[in-house]
Amino acid sequence: MSPFALSLVVAALLSGVFLLPVVRFAEAGKGRRKILSAAAGGSIAYIFVKLLPEIETAGLVLRQEGAHFLPYQGVYGVNLAMMLGFMFFYVLDELLPARSGTFRVAPGKLVFWTQTAGYGGYIAIIGYLLVHSISGTEEVSVSYALSMCLHFLLIAFALEEVHGENYDRIDRFCLAGACMGGWALGALFNLPRLVLIPLFGFVSGGVVSITGLVELPRGQEGRVVPFVAGALGYAVLLILFS
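Numbering of residues starts from 1 in each chain and follows the order in which that chain's sequence is written. With pLDDT at 70 or above as the cut-off, local features in this predicted model cover only qualifying residues; side-chain atom pairs require 80 or more to be listed or tallied, and sums for whole chains, interfaces and linings still use all residues. Only heavy atoms go into the side-chain values, all of them from the structure, while hydrogens and water stay out.

Trainee: Describe the overall build of the chain, with residues and values.
Mentor: If you tally the helices and strands in the chain, you get eight helices and two strands. When a residue's accessible area, from a 1.4 Å probe over protein chains only, is under 20% of the maximum for its type it is buried; when over 50% it is exposed; and in between it is partly exposed. Each of the 242 residues in the chain was classed as buried or not, and the buried ones make up 47%. We call two residues in contact when some of their heavy atoms are within 4.5 Å. Relative to all contacts within the chain whose residues are 6 or more apart in sequence, the contacts with residues 24 or more apart total 83%. Accessible surface for the chain amounts to roughly 12,200 Å². Of this, 70% is attributable to carbon and sulfur atoms. Only DSSP runs of H or I reaching four residues or more are called helices, and only runs of E reaching two or more are called strands; each is numbered from the N terminus. The method behind every accessible area is Shrake-Rupley, applied with a 1.4 Å probe, and residues are considered shielded solely by the protein chains displayed.

If you want it as structure tokens, here you go:
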């Protein structure tokens with residue numbers, strides 16, 4: 001299978017995370033939280049084992065290619081993009097109404113569509129990066145595809161929990177379409193690496209922020225054993241197959 005066809009297959013699989021009713025197969029209880037905690041653990045493993053080294057490499061490439069015209073020779077470019085990605089999703093989360101006890105008050109239409117647009121744009125960037133790698137290789141790695149599946153599962157759980165029926169009726173289709181739309185843009189347009197690298201940094205900050213917002217602050221709602229098992233198990237897989 002050609003790298004282009006492989007990227008299409010991966011984009012379709014990632015879109016399927018939203019299209020399939022994966023957030024409904026377990027009731028909102030221990031089973032559902034265990035799955036979410038395990039997925040969050042896998043995302044944490046991806047951040048520390050794969051993502052941070054890739055950020056370091058991306059920063060080096062940006063400094064080499066943009067040293068002559070970027071401020072400070074591009075030293076802080078990737079890190080600033082990562083910080084912006086982190087803050088972006090923190091702000092999106094802060095738009096939600098405060099919890100009332102163990103329940104979160106349903107957000108209004110403006111917040112719903114703002115979150116849909118924010119997550120949709122983010123997912124479209126991920127879809128685009130399936131076609132164009134900052135490393136210069138065209139083939140999508142299995143570890144990246146699986147890591148993004150876990151990440152999209154976290155997003156699906158989080159948005160369904162917040163938006164409920166609106167997620168099932170509207171949001172999941174918008175997000176699935178955003179992934180395929182991003183892939184289509186990648187098939188049509190080729191951005192220079194000086195643009196791709198900050199986009200990768202932004203996505204990396206989003207991965208860190210979303211993982212923390214969905215799982216880590218939840219206290220007793222999280223499940224320690226699935227979280228640790230997911231993190232250690234996926235870390236081993238990443239190392240063995242890297």
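There is more to say after this.
Trainee: Explain helix H8 (residues 224-240) to me, and be specific about the residues and the numbers.
Mentor: Given a helix with a known number of residues, its expected span is that number minus one, times 1.5 Å. Here H8 spans 24 Å end to end across 17 residues, near enough to the 24 Å set by a 1.5 Å rise per residue. Buried within H8 are the following residues: Pro-226, Phe-227, Gly-230, Ala-231, Tyr-234, Ala-235 and Leu-238. Within H8, the buried residues cover an arc of 155 degrees as seen down the axis, which keeps them to one side. Exposed side chains of H8 directed beyond 90 degrees from the buried face belong to Val-224, Val-225, Leu-232, Ile-239 and Leu-240. Along the arc lie the directions from the helix axis toward the C-beta atoms.

Trainee: Help me get a handle on the pattern of salt bridges, residues and values and all.
Mentor: The term salt bridge refers to a side-chain nitrogen of Lys or Arg lying within 4 Å of a carboxyl oxygen of Asp or Glu. Under the criterion given, the structure shown has one salt bridge. Note that Glu-165 is salt-bridged to Arg-169, the shortest N-O span being 3.5 Å. Linking Glu-165 with Arg-169, this pair stays in helix H6 (residues 165-188), spanning four residues, or about one helical turn. The exposure class of Arg-169 is partly exposed, given its relative accessible area of 48%.

Trainee: Which residues make up the nonpolar core, and what values go with them?
Mentor: Throughout this description, the term nonpolar core refers to a set of buried Ala, Val, Leu, Ile, Met, Phe, Trp, Tyr and Cys residues connected via side-chain atoms within 4.5 Å. Within the largest apolar cluster, 61 residues are counted, with the highest numbers of intra-cluster contacts made by Phe-18, Tyr-122, Phe-152 and Ile-155. Residue assignment for this core shows that the elements contributing at least two residues are helix H1 (3-19), helix H2 (30-66), helix H3 (77-94), helix H4 (109-129), helix H5 (142-163), H6, helix H7 (193-214) and H8.

Trainee: Summarise the packing of H4 against H5; cite the residues concerned and give the values.
Mentor: What describes two packed helices is the angle between their axes and the distance between those same axes. It is the contact of H4 with H5, at a shortest axis distance of 13 Å, that shows an interaxial angle of 175 degrees. Taken as axis vectors, H4 and H5 run roughly antiparallel relative to one another. Facing Phe-112, Gln-115, Tyr-119, Tyr-122, Ile-123, Ile-126 and Leu-129 of H4, the residues of H5 in contact are Tyr-144, Met-148, His-151, Phe-152, Ile-155, Leu-159 and His-163. Here the contact of H4 with H5 is built from residues that sort into eleven nonpolar, three polar and no charged. A fitted line through C-alpha atoms serves as each axis, taken over the contacting stretch for helices, and the angle formed by two N-to-C directions is quoted from 0 to 180°. For classification, angles of less than 35 degrees are called roughly parallel, those exceeding 145 degrees roughly antiparallel, those between 65 and 115 degrees roughly perpendicular, and all remaining angles oblique. Residue polarity is assigned by list, with Asp, Glu, Lys and Arg as charged and Ala, Val, Leu, Ile, Met, Phe, Trp, Tyr, Cys and Pro as nonpolar; anything else, Gly included, falls into the polar class.

Trainee: Describe the packing of H1 against H5, and please don't skip the residues or the numbers.
Mentor: As a packed pair, H1 and H5 sit with axes 9 Å apart at the nearest point and diverge in direction by 20 degrees. Classified by the interaxial angle, the pair formed by H1 and H5 is roughly parallel. Pair H1 / H5 crosses with right-handed handedness. Across the interface between the two elements, Val-10, Leu-14, Val-17 and Phe-18 of H1 pack against Ala-145, Met-148, Cys-149, Phe-152, Leu-153, Ile-155 and Ala-156 of H5. Taken together, the residues of the contact of H1 with H5 sort by class into eleven nonpolar, no polar and no charged. Helix crossings fall into two classes, left-handed where the near helix is turned counterclockwise from the far one by less than a right angle and right-handed where it is turned clockwise.

Trainee: Break down the packing of aromatic side chains for me, with residues and values.
Mentor: Two aromatic rings from Phe, Tyr or Trp, using only the six-membered ring of Trp, form a pair when their centres are within 6.5 Å; if the ring planes differ by under 30 degrees the pair is stacked, by over 60 it is edge-to-face, and anything between is tilted. Counted according to the given criterion, the structure contains seven aromatic pairs. Between Phe-4 and Trp-183, the aromatic rings sit 5.2 Å apart at their centres with planes inclined by 45 degrees, giving tilted as the arrangement. You can see Phe-4 sitting in helix H1 and its partner Trp-183 sitting in helix H6, a full 179 residues away along the chain. Classification of Phe-4 by relative accessible area gives partly exposed; the value is 44%. Take Trp-183: its relative accessible area is 10%, and that puts it in the buried class.

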